[in-house]
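So the chains spell out like this:
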Amino acid sequence: CDLASFNSRCAALQLEGAEKEAALQSEGAENVEALEREGAEKVAALERQGAEKVAAIEREGAEKVASLQREGAEKDAALAEALRSADEMTDEIRRANEQVMELEQERARLGSSYEAERARLVTDHEEAQARFV
């Protein structure tokens, strides 16, 4: 009787242990599935955040490039205008120098004419004085 009771009790404990093991395995499988879902959700969220950050960085980079290109174009235009202005000033200086040279030549010509005319007048005056003496 004692042995039968013991065997019966052992069988009950074995059954109870098998049920508990099955319940724990089922619970463990559910926990693994929940953790896998949670992990997948976190990975998806991180991927979205990463994609958003990359897109923001690309937009910011594109804006900076466009801004630098605009600034470069503005500086190029200002430089071209400055060069055009410098060319115009160089042309004006060249023309002024040509006018100065022409005026100096005219002055030299007039100076020569003046000296010749003066010499003639002095000679005429001296001749006129000589006639009246």
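Our subject is the structure listed above.
For every chain, the first residue of its written sequence is number 1, and the numbers climb from 1 along that sequence. Residues qualify for local features only when their pLDDT is at least 70, as the model is predicted, and side-chain atom pairs are given and counted only at 80 or more; totals for whole chains, interfaces and linings, by contrast, use all residues. The side-chain numbers reported here are obtained from all heavy atoms of the structure, hydrogens and water having been left aside.

1. Description of the overall build of the chain
So, point 1. By the criteria applied, helices consist of DSSP H or I runs no shorter than four residues and strands consist of E runs no shorter than two, each listed in order from the N terminus. Per the secondary structure count, the chain includes 1 helix and 0 strands.
So, point 2. Computation of the radius of gyration draws on C-alpha atoms, with the globule rule given as 2.2 Å multiplied by the number of residues to the power 0.38. Taken over the C-alpha trace, the chain has a radius of gyration of 56 Å; the compact-globule value for 133 residues is 14 Å, which it surpasses by more than 25%.
So, point 3. Expressed along its principal axes, the backbone C-alpha trace of the chain runs to roughly 190 × 15 × 10 Å.
So, point 4. The cut-offs for exposure are 20% and 50% of the maximum accessible area for each residue type, with area from a 1.4 Å probe on protein chains only; residues under the lower value are buried, those over the upper are exposed, and the others partly exposed. Residues counted as buried form 0% of the 133 residues belonging to the chain.
So, point 5. As presented, the chain carries roughly 11900 Å² of accessible surface, and 58% of it is formed by carbon and sulfur atoms.
So, point 6. In summary, the charge assignment counts Lys and Arg as positive and Asp and Glu as negative, without counting His or the chain termini. A charged residue contributes its charge at one atom only: NZ of Lys, CZ of Arg, CG of Asp or CD of Glu. Looking at charge distribution, the chain has the averaged site of its 18 positive side-chain charges lying 6 Å from that of its 32 negative ones. Only the protein chains shown count as cover for residues, and all accessible areas are computed by the Shrake-Rupley method using a 1.4 Å probe.

2. Description of the pattern of salt bridges
So, point 1. For salt bridges, the criterion is a side-chain nitrogen of Lys or Arg within 4 Å of an Asp or Glu carboxyl oxygen. Tallied over the entire structure, the rule returns 8 salt bridges.
So, point 2. A salt bridge links E81 to R84; the shortest N-O distance between them is 2.8 Å. On the criterion of helical spacing, the pair formed by E81 and R84 is a turn pair, its members being 3 residues apart in helix α1 (residues 2–132).
So, point 3. Measuring nitrogen to oxygen at the nearest pair gives 2.4 Å for the salt bridge that ties E117 to R120.

3. Here's the deal with a negative patch on the surface
So, point 1. Only residues whose relative accessible area exceeds 30% and that form no salt bridge are eligible for patches; like-charged ones are grouped when within 9 Å, while nonpolar side chains (Val, Leu, Ile, Met, Phe, Trp, Tyr) are grouped when within 5 Å. Residues E27, E30, E33 and E36 make up a contiguous surface patch of negative charge.
So, point 2. Tracing the backbone shows E36 in helix α1.
So, point 3. Judged by relative accessible area, E36 falls into the exposed class, the value being 53%.

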